[in-house]
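# Fold and geometry: a report
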Amino acid sequence: MKGGIVGVLCGALLLAVEAACAPNSDAITKVPGFKPNKWVARTWEGNNYACKCHPGDYCWPKQNHWDNLNRTVGGNLRVNLPPGAPCYNTFQGPLGTVNTYDAAKCAAVTAGFPNEQFQIELPTAGLWTYFTNDTCRPTADPTGSCTLGYYPVLYITAKTVAHIQAGINFARNNNLRLVIRNTGHDFLGRSVGWGSLVINTHSFKSISTTNNWNGPGYNGPAITVGAGVQAFEALARLNSLSPPRIMVTGECATVGVAGGLVQGGGHGPLTNFYGFLADTAVQFKVITADGKIQTANANTNSDLFWALKGGGPAAFAVITEATYKTFADTPSAGINLDINPGTNSDPALYWEAVRKFHSYSTHFVDNGLYVYYEIGPVPNTLHVHPIVGVNKTLAQLQAVVQPLFDDLDALGVGYTTSSETYGTFYDLYNAMFEIEMAGNSALTGGWTIGRQDVINNHTAIIDAFQTVMNAGSFIVGHMWSAGHGLPQSEWAKSAINPRFRNVVDKLITIVPVSGDAPLAAKAEAQNRLTNIVDGSLRAAAPNGASYINEADPFQPDWQNAFWGTNYQRLLQIRRKYDPEGVFYAVSTPGTEKWEQIETGTRLCVKL
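Rules used throughout
- Residues numbered from 1 in each chain as written.
- Predicted model: local features only at pLDDT ≥ 70, side-chain atom pairs only at ≥ 80, totals over all residues.
- Heavy atoms only, no water.
- Pairing = 2+ DSSP bridges.
- Helix = DSSP H or I, 4+ residues; strand = E, 2+ residues; numbered from the N terminus.
- Buried < 20%, exposed > 50% of the residue type's maximum accessible area, 1.4 Å probe, protein only.
- UniProt positions renumbered as here; feature names shortened; annotations may be inferred.
- Phe/Tyr/Trp six-rings, centres within 6.5 Å; stacked < 30°, edge-to-face > 60°.
- Lys NZ or Arg CZ within 6 Å of the ring centre and 35° of its normal.
- Domains from an automatic or database assignment.
- Contact = heavy atoms within 4.5 Å.
- Buried area = accessible area lost by both parts, 1.4 Å probe.
- Salt bridge = Lys/Arg side-chain N within 4 Å of Asp/Glu carboxyl O.
- Nonpolar A, V, L, I, M, F, W, Y, C, P; charged D, E, K, R; others polar.
- Disulfide = S-S within 2.5 Å.
- Axes fitted to C-alpha atoms, helices over the stretch in contact; angles between N-to-C directions.
- Parallel < 35°, antiparallel > 145°, perpendicular 65-115°, else oblique.
- Left-handed = near helix turned anticlockwise from the far one by under 90°.

Before going further, it helps to examine the sheet that holds strand S24 (residues 594-596). The strand order across the open sheet formed by 5 strands is S1-S2-S3-S25-S24, and the pairing between neighbours is antiparallel. Of all the strands in the sheet, the pair left with one neighbour each is strand S1 (27-28) and S24. Of the pairings in the sheet, the one linking strand S3 (residues 47-51) to strand S25 (residues 602-606) comprises 3 bridges and is antiparallel in character. Within S25, the residue paired with cysteine 51 across the bridge is cysteine 604.

So, in structure tokens, the structure goes:
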């Protein structure tokens, strides 16, 4: 491109858009609650806003500024193209139009689009596409339209901590929307953002282990991982030790373990024993919004350490390195269970079977079991894959589960089941948890069910499940208890909502809807999720809470739903470490006045 990495003509595919492209009359420098900076005045639906700088605004950085940033980050600054762009003759981006068709690349992206790891390796992809606006999916018709949608405009493939610092400083000084991305493993659209600059941390793959980590608050075996490490990589390293060890991770092996997972809490098959991933964290190396490298542990920046452990993704700092406790691996066993229309066609009998199954949630978690299940999307389907007994023989696991099978037999419900025993939990994890798919478009919600809800209100819970299904949604459930094995003296050491310690089932609800659906259809789907699907669950389980990484960010009273009594403390910490609003993720502490206006595009503060 002309002029180094950028050019100077409005409408070309440029990194710089000169001030002449937008009038200076939009300029604001002072916004209540923030230090003086470059803001853009906008009015939307009768309200006044101060917005971050986007392409075409007076404050969008000029060519020489982008060139300087590119040199600072070792030539790793790039203009972003959507993953599907090679399937189209042209890409019409916010900075201009470029020819993009490449048959071989199109074939590769078409084949790889449903594969999580394929999308993770792309620099800015969101694994679930609703919040990208779905305006450039892979296609067999190259004459179609490919636009950027809500994908970021530019990205930095960070290779060093200094690259991350440079990106944060550039975004702060120019008041750009900033997105931090490792895997893009996110349901809420936090890995993408219209008009944004992305810092991709996926190359930070360092892993080290020790039997004698000695630091504030902990002395014992630990693993230290870089920001780009995924669960399967960390678990494989731990399994290679003699004897093998394990750590808390999500049930999905592709998720990163040092970013949004721990900042949201991080639940998984070992939560019954050790709590959330956040409960096992002993130290973070981070870069704060002022661009400084910091250590956070029980003694140093202890408030930040606490907030990073479940207080919200992309809210307080960028984690470059995380250290976690590790635990001895043990023999484990698993059972699968399926009820489907092929074995049962009577809806009333099916729902009675679901009621029987779910009534055992407290029994299962009290016996240390983890249960992953799906209700739907096919009607009259219950898919339980797997029921996990960590440190249990198959006979011990079967003894815990047998009362459920006895009840199903007494009902006359047809089902299929299988079981297996493994030498380690690691072997079970790789064999029994099913591979998840990427590339789907849907709204995600969810709620959790408290122990007292199951005891006192179980009929209403199953009625709510039926409401969810009748509203065109389906359920992914995770039975665990984050207060079962973790001593109560440890519960308050992370920012996790205290109500989670009494939860016995965490639900994800999914409402399929195309990212490029008409605005009215999107609004209807969002209302259905918030007020009917999740609304029914909130009413049936008032002792529950909401898990920030797998939930509806637009639910009422999200502050209390996500963090409960911890919210006010988190708000103060956010103001301390990010007073200028450098970091943003929807419905995280301190974002009450932030909105994405103009049909979900510009990120702005409501005045």
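This part is about the pairing of strand S19 (residues 382-390). Burial analysis of S19 places 9 of its 9 residues in the buried class, which makes it a mostly covered element. Bridging between strand S17 (residues 332-339) and S19 involves 7 bridges; their strand directions are antiparallel. Each bridged residue has a counterpart across the sheet, and for serine 332 the counterpart in S19 is valine 390. As defined by bridge partners, strand S18 (residues 369-375) adjoins S19 across 6 bridges and the pair is classed as antiparallel.

Turning our attention to the UniProt feature "domain: FAD-binding PCMH-type" (unreviewed entry) in the protein chain. UniProt records the feature "domain: FAD-binding PCMH-type" (unreviewed entry) for residues 148-329 in the present numbering. Helix makes up 21% of residues 148-329 and strand 29%, whereas the separation of the span's terminal C-alpha atoms amounts to 45 Å.

Okay, the packing of aromatic side chains next. Within this structure, the stated rule accounts for 26 aromatic pairs. Ring geometry for tryptophan 39 versus tryptophan 594: centroids 6.1 Å apart, planes at 35 degrees, classification tilted. Taken as a pair, tryptophan 39 in strand S2 (residues 39-44) and tryptophan 594 in strand S24 lie far apart in primary sequence, 555 residues in all. Of the two residues, tryptophan 39 and tryptophan 594, neither departs from the other in class, the shared state being buried. The interplanar angle of 50 degrees and the centroid separation of 5.6 Å between the aromatic rings of tyrosine 429 and phenylalanine 433 together place this pair among those described as tilted. Each member of the pair, tyrosine 429 as well as phenylalanine 433, carries the same accessibility label: buried. The ring of tyrosine 130 carries the charged tip of lysine 522 above its face, separated from the ring centre by 5.3 Å. Seen from the ring of tryptophan 306, arginine 569 lies directly overhead, with NZ or CZ sitting 3.8 Å from the centre.

Turning our attention to the domain arrangement of the protein chain. We note that the domain assignment places domain 1 (63-197 + 587-606), domain 2 (207-329) and domain 3 (332-566) within the protein chain. For domain 1 versus domain 2, the distance between C-alpha centres works out to 27 Å. Tallying the contact residues gives 17 residues for domain 1 and 23 residues for domain 2. Considering only the side of domain 1, the residues that lose the most area to domain 2 are Gln165, Ile168 and Asn182, jointly responsible for 27% of the buried surface there. Summed over the shared surface of domain 1 and domain 2, the result is 0 salt bridges. The dominant element in the side of domain 1 that touches domain 2, judged by the number of residues it contributes, is helix H4 (residues 161-174), at 6 residues. Residues that form the side of domain 1 that touches domain 2 fall into these classes: 6 nonpolar, 7 polar and 4 charged.

Under the defined criterion, the tally for this structure stands at 4 disulfides. A disulfide bridge connects cysteine 51 with cysteine 604, and the sulfur atoms are separated by 2.0 Å. On the sign convention where negative is left-handed, the bridge of cysteine 51 and cysteine 604, at about 95 degrees about the S-S bond, is right-handed. Note that cysteine 51 is positioned in strand S3 and cysteine 604 in strand S25, a separation of 553 residues in sequence. You can call cysteine 51 buried: its relative accessible area is 0%. The buried category is assigned to cysteine 604, whose relative accessible area is 0%. Across the disulfide from cysteine 87 sits cysteine 106; the S-S distance is 2.1 Å. For the disulfide bridge between cysteine 87 and cysteine 106, the dihedral angle about the S-S bond is near 100 degrees, and by the sign convention the bridge is right-handed. With cysteine 87 in the loop between strand S4 (77-79) and strand S5 (90-93) and cysteine 106 in helix H2 (residues 103-112), this pair connects stretches of sequence that are 19 residues apart. For the residue pair cysteine 87 and cysteine 106, the accessibility class agrees, reading buried in each case.

It is worth spelling out the packing of helix H9 (residues 347-359) against helix H11 (residues 394-411) at this point. Relative orientation of the contacting elements H9 and H11 amounts to 160 degrees, with a least axis distance of 10 Å. Between H9 and H11, the angle is such that the two are roughly antiparallel. In this structure, H9 crosses over H11, and the sense of that crossing is right-handed. On the side of H9, the interface is formed by Leu349, Glu352, Ala353, Lys356 and Phe357, while H11 contributes Leu404, Asp407, Leu408 and Leu411.

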